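Architecture and fold: a report
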Amino acid sequence: MFVINCPYCGERDQSEFSCGGEAHIVRPKQPTELSDDEWAEYLFMRKNIKGVQFERWNHAHGCRKWFNMVRDTSNDKIHAVYKMGEKPPVI
Amino acid sequence: MKNKYSIFSLIKNAFSQHENWKQAWGNPEPKKEYEAVIVGGGGHGLATAYYLAKKHNMKNIAVLEKGWIGGGNTGRNTTIIRSNYLWDASAGLYDHALKIWENLSQELNYNIMFSQRGVMNLAHNLQDVRDLKRRTHANRLNGIDAVWLDTKQVKEFCPIINTSPDIRYPVLGGTLQRRAGTARHDAVAWGYARGADTMGVDIIQNCEVKGIKRNGDQVVGLDTTKGFIKTKKIGVVAAGHSSVIANMAGLKLPLESKPLQALVSEPVKPIIDTVVMSNAVHAYVSQSDKGELVIGAGTDAYISYTQRGSHDVVEGTLKAILELYPIFSRMKMLRQWGGIVDICPDASPIISKTNIKGLYFNCGWGTGGFKATPGSGDLFAHTIANDEPHKLNAAFNLNRFVSGDLVDEHGAAAVAH
């Protein structure tokens, strides 16, 4: 449990947000040409990092906007919050 | 088995004030090379080593544990054992485990305090009723005992449940598996450790794996905090940390690790002699032999390795517990803790070979791995020894995420994940 600094609303309790998992997984440009292995990689395989992870969050009980966050999953410390489409910060 | 425990050894040791009991397992330094190395000294890992030695005659094996044995999720779960899963593959897997549980204390010569006190799953709305009835039918077709109870029968079986029709989520009935129950979770790890050690397995504690060495697509050993260990077969049973080990081998798994919480109350006299679970309101409760209420809460909805969990999750569970059991309203909670669970997209485990030769994974048990401990160890040992899955774990391979042949137990697993 922690406080998240929503880029649109400011600091709010984590329970207002929902986590969308690993960020920057690019949607396949040509889905019809994907092999089963590539589909599995896109849909299911995750880095599930213990340490600094880039992830997507949604302010579900607030502005309902999506944004990205850099968080250390070993201690829940948040390093950065940035809007969708912005360049991920170097951590 | 050396130093067999019995009434006679108990009497004999009573004369020496119980000060001369021999250590149940050793504390060896790692050898240079092993036939197989199991990563993770929890229940599943120790059971795997035990069955590798017992059924597959592999004696030169080691179990590596970064902390102490049974100190991870084995000692953190709510000890519930049941096999009333919906799909055939799951029913086969979990009932295989339940059948081993039924004779495990005798087999290990170690009292794991297995108690078949029954597990009841409650239905709170019409869809629950339909789903749970469907599941009892599916269970019975698979030879698993399951009965449907109406509200009156639920009240008779567990009188402290509030079955009033005017509560927010009224009890419309429930299913009961009488062969299900609980076991002492620490004793399961200790019993398997003692059994494996007796057959020559090296149990190496405080030894963390730092890297996996490969020669092409064949594993050749592990870097650990106690040096390099050579081996051609590595069985990873690292629960919440499975992805961390997989990343060392350059492998990605379909897992997300999240904190799952549980809590116990102050001890009280016996008040609930069964296990009651409720999917819709996410609350389950049983009572330990010490008298504590053992309550399971849900997972946090984000990846974290913190072994804590959020307060609001516990709060939600306790709200539900209080509505279902108003008698507990003045109970004080004694302890709360979290364990890291590795959840698969289909809420079913992975007991599988990988595309790296000699690297095997047993993971993805999510929120419900304890119940499967003996079966999981048995089937994983079979998979490692033969380099082929047993027919009972063939469906639980890694390739199902490529083929699409998932074993979707999400809604069916009796508790929401």
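See the structure above.
Residues numbered from 1 in each chain as written. Chains lettered and ligands numbered in written order. Predicted model: local features only at pLDDT ≥ 70, side-chain atom pairs only at ≥ 80, totals over all residues. Heavy atoms only, no water.

**Remarks on the packing of aromatic side chains**
Applying the stated criterion to the full structure yields 16 aromatic pairs over all chains. Between the aromatic rings of B:Tyr51 and B:Tyr192, the centroid separation amounts to 5.8 Å while the plane-to-plane angle is 65 degrees, which identifies the pairing as edge-to-face. Residue B:Tyr51 is located in helix α2 (residues 43-55), and its partner B:Tyr192 is located in helix α7 (residues 185-198); the two are separated by 141 residues in the primary sequence. Taken together through their ring pairs, the aromatic side chains of A:Phe2, A:Trp57 and B:Tyr302 make up a single cluster. (Phe/Tyr/Trp six-rings, centres within 6.5 Å; stacked < 30°, edge-to-face > 60°. Helix = DSSP H or I, 4+ residues; strand = E, 2+ residues; numbered from the N terminus.)

**Considerations on the interface of chain B and chain A**
In this complex, chain B contributes 25 residues to the contact, which on the side of chain A involves 24 residues. Between chain B and chain A, roughly 2100 Å² of surface is buried when both sides are summed, and carbon and sulfur atoms account for 55% of that area. Together, B:Lys252, B:Tyr302 and B:Ile303 form the three largest contributors to the area buried by chain B at its contact with chain A, with a combined 30%. Linking B:Lys252 and A:Glu41 is a salt bridge whose minimum nitrogen-to-oxygen distance equals 3.0 Å. Linking chain B to chain A there are 11 residue pairs in polar contact (both at pLDDT 80 or more). Breaking the side of chain B that touches chain A down by element, the ones donating at least two residues are α8 (242-248), β14 (256-265), α9 (311-324) and α11 (400-403) of chain B. Considering every element that reaches the side of chain B that touches chain A, the biggest residue donor is α8(B), with three residues. For the side of chain B that touches chain A, the residue count by class is 12 nonpolar, eight polar and five charged. (Contact = heavy atoms within 4.5 Å. Buried area = accessible area lost by both parts, 1.4 Å probe. Salt bridge = Lys/Arg side-chain N within 4 Å of Asp/Glu carboxyl O. Polar contact = N/O pair within 3.5 Å; in protein donor to acceptor, adjacent residues only side chain to side chain. Nonpolar A, V, L, I, M, F, W, Y, C, P; charged D, E, K, R; others polar.)

**Quick notes on the pattern of salt bridges**
All names here are of chain B. Summed over the entire model, instances satisfying the criterion amount to 23 salt bridges over all chains. Ionic pairing is found between glutamate 388 and lysine 353, a salt bridge with its closest N-O pair at 3.7 Å. One end of the pair, glutamate 388, is in the loop between α10 (373-386) and α11; the other, lysine 353, is in strand β19 (residues 350-353), and 35 residues separate them in sequence. One network of salt bridges, in which partners are shared, links Asp95, Lys99, Glu102, Asp145 and Arg179.

**Brief notes about the environment of B:His96**
All names here are of chain B. With respect to the helices, strands and loops of the structure, histidine 96 is situated in helix α3 (residues 88-101). Here the alpha-carbon distance between histidine 96 and alanine 372, two residues 276 residues apart in the chain, equals 8.3 Å. Leave out the neighbours within four places in its chain, and histidine 96 touches Ala91, Gly375, Asp378, Leu379 and Leu392.

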